[in-house]
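Listed below, chain by chain, are the residues.
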Amino acid sequence: MKKYIGVALLLGASLLASCSKDTKGTDNLTITGKIEGLKQGKVYLYHVQDTVFTAIDSVVFDGKSSNFAFKYHLESPEMLFLSLDRGHSNSIDNQLAFFAEPGTMTIETTLKNFYKDAKVHGSQSNEIYNEYLKSRTLITDRQNDLYVALFEAQKTANAAQLDSLQGVSKKLAGRLYLNAINFALNNKHSDVAPYIALTELYDRNIKYLDTIYNALTPEIQNHKYAKSLNEFIQERKKEETKVTE
């Protein structure tokens, strides 16, 4: 039931180093790229399998080149992850999530700013997901500013200001979920929609998940994340039925 819940939280965790090369079919995804400034180290390509980050493949950098290439078989568009290992702590800054889809993709970044400098090309799904992240950031930035104001109000014991700020905080939290719901519904033709539902809206009212799933195009409903969303919805309904019995 919790197959994709909390994927965003897992990004900050250490990734497993086990490698599980996909052999289900002919490779239909080619990823090439370059990490400017990297001489020594190792880059892993991961995906989430049974709630765990599992390595698909890896490339060792020995000082001769900063280029890398991966081939993989995707059944449908899927979130993949690049992780840079230089023998130090596995910081979230050394991890890059991107929405992959069959075809040819390129990823270029730098050793200095592995995450921030990343440029991903060749995936419309990734472009759509980045649009969602930008819309989400507009709200989360306001929330972060609000947390500072809340802290100051608590320090000064300003009850009136604290009540007002808490009201704003509640509204922003609602806007965050509403933004996710609207974005998913407006992108029913994309695998990003069910992915957002699974990772951002799993604990919301079941009617929202139902609405998103039913709005998906028939093609998307036949893909990985939509199938998982449907399974998740059915399990939620069963659990809620047991509670009311």
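Please refer to the structure higher up on the page.
Residues numbered from 1 in each chain as written. Predicted model: local features only at pLDDT ≥ 70, side-chain atom pairs only at ≥ 80, totals over all residues. Heavy atoms only, no water.

Undergrad: Tell me about the pairing of strand S4 (residues 67-72), and name the residues and values.
TA: Successive residues of a regular strand alternate their side chains across the two faces of the sheet. Covered by surrounding structure in S4 are Phe 68, Phe 70 and Tyr 72 only, the residues Asn 67, Ala 69 and Lys 71 on the alternate face being uncovered. Sheet analysis places strand S1 (residues 29-36) next to S4, joined by 6 bridges and oriented antiparallel. Bridge assignment links Lys 34 to a residue of S4, and that residue is Asn 67. (Buried < 20%, exposed > 50% of the residue type's maximum accessible area, 1.4 Å probe, protein only. Helix = DSSP H or I, 4+ residues; strand = E, 2+ residues; numbered from the N terminus. Pairing = 2+ DSSP bridges.)

Undergrad: Quick rundown of the pattern of salt bridges? Include the residues and the values.
TA: The final tally for this structure, using the stated rule, is 5 salt bridges. With a closest N to O distance of 2.9 Å, Asp 210 and Lys 237 form a salt bridge. Remark: Lys 237 occurs in helix H7 (residues 224-244) and Asp 210 occurs in helix H5 (residues 206-215); sequence separation between them is 27 residues. In this structure Lys 237 comes out as partly exposed when scored by relative accessible area, which is 33%. (Salt bridge = Lys/Arg side-chain N within 4 Å of Asp/Glu carboxyl O.)

Undergrad: Go over the environment of Tyr 213, please, and point to the residues and values.
TA: Locating Tyr 213 in the fold gives a position in helix H5. Between the C-alpha atom of Tyr 213 and that of Asn 230, which follows or precedes it by 17 residues, the distance is 7.0 Å. In contact with Tyr 213, other than residues within four places in its own chain, are Gln 221, Ala 226, Leu 229, Asn 230 and Ile 233. (Contact = heavy atoms within 4.5 Å.)

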